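Geometric and topological summary
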Amino acid sequence: MRDVFAGIGFMIAGVVTIITAQQFPTLPSLQYGPSLFPSLVGGGFCIGGAVLTLNALWQRRKAAAQEMQDDPTLATPPSEKKSWAMVLPPIAIVFYILASDYLGAMLTITIIMCLLMLFRKTKVYVALVTSVVMSSAIYFIFSHYLLIPLPQGVLLRGSLPWIS
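Treat the numbers as computed from the prediction; the structure is a model and nothing was measured.

**Quick look at the packing of helix H4 (residues 105-119) against helix H5 (residues 124-145)**
- Remark: H4 packs on H5, axes separated minimally by 8 Å, with the N-to-C direction vectors making an angle of 145°. In terms of crossing hand, the pair formed by H4 and H5 is right-handed. When H4 is examined against H5, the residues Ala-105, Met-106, Ile-109, Thr-110, Met-113, Cys-114, Met-117 and Leu-118 are found in contact with a partner set consisting of Val-124, Ala-127, Leu-128, Thr-130, Ser-131, Val-132, Met-134, Ser-135, Ser-136, Ile-138 and Tyr-139.

And the structure:
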């Protein structure tokens with residue numbers, strides 16, 4: 001039942017994000033404005049919340065059907081790993097907010113992605129390579145193609161050696 005409420009909460013947050021983003025000013029010279037990315041994130045929240053809610057309801061229905069068959073394995077307590085899985089994304093967001101100015105966006109994203117993958121029992125070398133490649137791609141897409149300034153961090157003294 002907790003997943004149903006979490007899914008509904010994500011859908012509400014998505015709708016609020018979309019409504020708030022639509023109030024951003026638009027620039028006449030661009031086909032899209034500053035409301036595009038928040039609207040996409042809000043849409044993702046709505047879709048993810050709907051999937052989470054529907055999946056939780058489907059699991060409840062499935063469990064109720066098994067309960068009718070008197071299945072004793074039905075009453076399993078939620079694992080500690082599932083509890084951490086719900087808490088880690090908000091912790092990662094707070095870590096990014098607090099650490100990105102010092103470490104820089106690319107290094108902070110790399111750390112977050114690597115830790116999340118290691119938590120999901122990914123092999124260490126796969127987690128390291130994937131997090132470095134993906135965080136580099138995210139950084140370059142946002143900073144060079146979308147021209148969104150991301151923090152480079154005090155740790156690297158405001159410049160990355162391979163960026164002109």
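**Some points on the UniProt feature "transmembrane region" (unreviewed entry) in the protein chain**
- Within the UniProt annotation, "transmembrane region" (unreviewed entry) is assigned to residues 37-58, 91-119 and 125-147.
- The span residues 91-119 is 97% helix and 0% strand, and its two end C-alpha atoms sit 13 Å from each other.
- Structurally, residues 125-147 is divided into 91% helix and 0% strand, and its ends, taken at the C-alpha atoms, are 31 Å apart.

**Quick notes on the layout of surface pockets**
- Size it by volume and the second largest pocket reaches roughly 560 Å³.
- Forming the boundary of the second largest pocket are 14 residues, of which Ala-92, Ile-93, Tyr-96, Ile-109 and Ile-112 lie nearest the centre.
- For the lining of the second largest pocket, the secondary-structure elements that each account for two or more residues are helix H2 (36-68), helix H3 (80-103), H4 and H5.
- Considering every element that reaches the lining of the second largest pocket, the biggest residue donor is H3, with 5 residues.

**Focus on unusual backbone geometry**
- The backbone phi angle of Lys-121 is positive, close to 65°, even though this residue is not glycine.
- Considering the arrangement of structural elements, one finds Lys-121 in the loop between H4 and H5.
- Classification of Lys-121 by relative accessible area gives exposed; the value is 68%.

**Focus on the packing of helix H1 (residues 2-21) against H2**
- Running from N to C, H1 and H2 point in directions that differ by 160°, and their axes come no closer than 7 Å. By the angle between their axes, H1 is roughly antiparallel relative to H2. Note that H1 runs across H2; the crossing there is left-handed.
- Each residue belonging to the contact of H1 with H2 can be placed in one class, and the counts come to 16 nonpolar, 8 polar and 1 charged.

**Regarding the packing of aromatic side chains**
- Applying the stated criterion to the full structure yields 3 aromatic pairs.
- Both rings, one in Phe-10 and one in Phe-45, keep their centres 5.6 Å apart while their planes meet at 85°; by these two values the pair is edge-to-face. Pair noted here: Phe-10 is in helix H1 and Phe-45 is in helix H2, with a separation of 35 residues, a long-range link.
- Under the relative-accessibility criterion, Phe-10 is labelled partly exposed at 40%.
- Under the relative-accessibility criterion, Phe-45 is labelled partly exposed at 34%.
- When the centroid spacing of 5.7 Å and the interplanar angle of 80° are considered together, the rings of Tyr-139 and Phe-140 count as edge-to-face.
- Among the residues examined, Tyr-139 registers a relative accessible area of 2% and is labelled buried.
- Under the relative-accessibility criterion, Phe-140 is labelled partly exposed at 25%.

Parameters at a glance
- Residues numbered from 1 in each chain as written.
- Predicted model: local features only at pLDDT ≥ 70, side-chain atom pairs only at ≥ 80, totals over all residues.
- Heavy atoms only, no water.
- Axes fitted to C-alpha atoms, helices over the stretch in contact; angles between N-to-C directions.
- Helix = DSSP H or I, 4+ residues; strand = E, 2+ residues; numbered from the N terminus.
- Left-handed = near helix turned anticlockwise from the far one by under 90°.
- Contact = heavy atoms within 4.5 Å.
- UniProt positions renumbered as here; feature names shortened; annotations may be inferred.
- 1 Å grid on protein atoms, 1.4 Å probe; cavity = no way out; pocket = protein on both sides within 12 Å on 5 of 7 lines; lining within 4 Å.
- Points joined across faces, edges and corners; volume = space filled by probe spheres on them.
- Buried < 20%, exposed > 50% of the residue type's maximum accessible area, 1.4 Å probe, protein only.
- Parallel < 35°, antiparallel > 145°, perpendicular 65-115°, else oblique.
- Nonpolar A, V, L, I, M, F, W, Y, C, P; charged D, E, K, R; others polar.
- Phe/Tyr/Trp six-rings, centres within 6.5 Å; stacked < 30°, edge-to-face > 60°.

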